[in-house]
Structures are given as structure tokens and as C-alpha cells.
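Summary of the model geometry
For reference, the chains in residue letters:
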Amino acid sequence: MKINYFTERNVRVPHLRRQIIARWIRQVANEMGKTLGELSYKFTNDAGILEANKLFLNHDYYTDILTFDASQEGSEYISGDILISLETVASNAEKFGVPYEEELHRVLIHGVLHLSGIDDKTPEEERLMHFAEDRAIVLLHRLIGDRPLLAD
């Protein structure tokens, strides 16, 4: 199991509690019947995610996350690349009235849930995804305790 963190476009990697995040992601994957392989998170801005969305998916719009599955078909291991626009995460946090740190972690686990087999294309799938995200956030708060979500 390995989790990598990268940035592009002069974006800085958030001060994540990496050991706790690794434990959290591993537990969520296990609950989904999966084993964590290798994940690579890349943090970018809106221009970077728009470019990737156009290039890889032929979509001409902004999003908070793009997930690229590198898992082998039928494997219990999940692996992939997860591209996150920190600008969109910030604007979504404001739009939904939640703290930035919480929205960031929701997006971090959203990609893992996609790799674990949960989709969000239909209203029913969206409900399942939100339920799984909410469960994962509760678990994260249990693991972190009373400490802030992001390290100083």
C-alpha cells in the first residue's frame, strides 16, 4: 500500500495528516471489500482540472475531482490516480456551507469510493455515494479525535 501526493501549477499540497489519512483510506477500502494498492493524489487548480477534463474525458467544465482507475479488472486491490482542484474544493465548501478541511477530506475519500466501485451518475448512485462519504467522514473524525483535520 502506498499513497503519493503531487502538485502542479504552483499549488501546494495541503497539510494532511498523512499517517491518519492512510489508515482511514485503508479502513474505508476494507469496508468496501477492497485492499489498497497504490494511490496518487495530484492537487491542481481549476485550469488544471479543466484541461484534464477536456483531454481525458472530452468534458468542457470544471469539477472538484477526476478519478483514473488503474486497478486490474477483478482484482481486490484498488489503485489509481486522483486529480483534485483545490480551487473547486474551496468554492464547494463555501457553496455547501462546510469547512474547507471537511470538504477536502470528502473529496479525498470520494475518489477512493469510486475506485471501490461506487458510482454517482444517477440520483440513486449519488445517494449511495453521499451515504458512503458521510460514513467515511464519521470514521475520519473518530481516528483524528479532537485534533484539527489539517496539520499545522
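Along every chain, residues carry numbers that run from 1 in the direction the sequence is written. In keeping with the predicted nature of the model, local features appear solely for residues at pLDDT of at least 70, side-chain atom pairs appear and are counted solely at 80 or more, and the whole-chain, interface and lining totals rest on all residues. As a rule here, side-chain values come from all non-hydrogen atoms in the structure, and water together with hydrogens is ignored.

Some remarks on unusual backbone geometry
Selection criterion: In this description a helix means any DSSP run of H or I spanning at least four residues, a strand means any run of E spanning at least two, and both kinds are numbered starting from the N terminus. Only protein chains enter the area calculation, which uses a 1.4 Å probe; residues under 20% of their type maximum are buried, those over 50% are exposed, and those in between are partly exposed.
You will see that Arg9, though not glycine, has its phi angle at about 60 degrees, which is positive. Although it is not a glycine, Asn10 sits at a positive phi angle of roughly 60 degrees. Relative to the helices and strands, Asn10 resides in the loop between β1 (2-7) and α1 (18-31). The exposure class assigned to Asn10 is exposed, which follows from its relative accessible area of 83%.

Here we look at the sheet that holds strand β4 (residues 77-85)
What counts here: If DSSP finds at least two bridges between two strands, the strands pair. Simply put, an axis is a line fit to the C-alpha atoms, just over the touching stretch for a helix, and the angle between two N-to-C directions goes from 0 to 180 degrees. When checking whether two residues touch, look at their non-hydrogen atoms; a contact exists if any pair is within 4.5 Å.
Spatial ordering of the open sheet is given by β1-β2-β4-β3, a layout of 4 strands whose pairing is mixed. In this open sheet, the two edge strands, each paired with only one partner strand, are β1 and β3 (65-69). Each adjacent strand pair in this sheet contributes to an overall mean axis angle of 15 degrees, direction not counted. Relative to β4, β3 runs antiparallel, the two being bridged by 5 bridges. By the bridge assignment for β4, Leu66 is matched with Leu83. Those strands touched by α1 are β1, β2 (35-44) and β4, and its axis lies near 125 degrees from that of β2.

Things to note about the pattern of salt bridges
To keep it simple, the criterion reads: Salt bridge criterion: a side-chain nitrogen from Lys or Arg within 4 Å of a carboxyl oxygen from Asp or Glu.
Applying the stated criterion across every chain yields a total of 9 salt bridges. For Arg9, the salt bridge is made with Glu8, and the minimal N-O distance between the two is 3.7 Å. The class for Arg9 is partly exposed, based on a relative accessible area of 36%. Where Glu133 meets Arg106, a salt bridge forms, and the shortest distance between an N and an O atom there is 3.3 Å. Here the residue Glu133 occupies a position in helix α5 (residues 123-144), and Arg106 occupies one in helix α4 (residues 100-115), the gap between them amounting to 27 residues. With a relative accessible area of 18%, Arg106 lands in the buried category.

Don't take any of this as a statement about function, it's just geometry.
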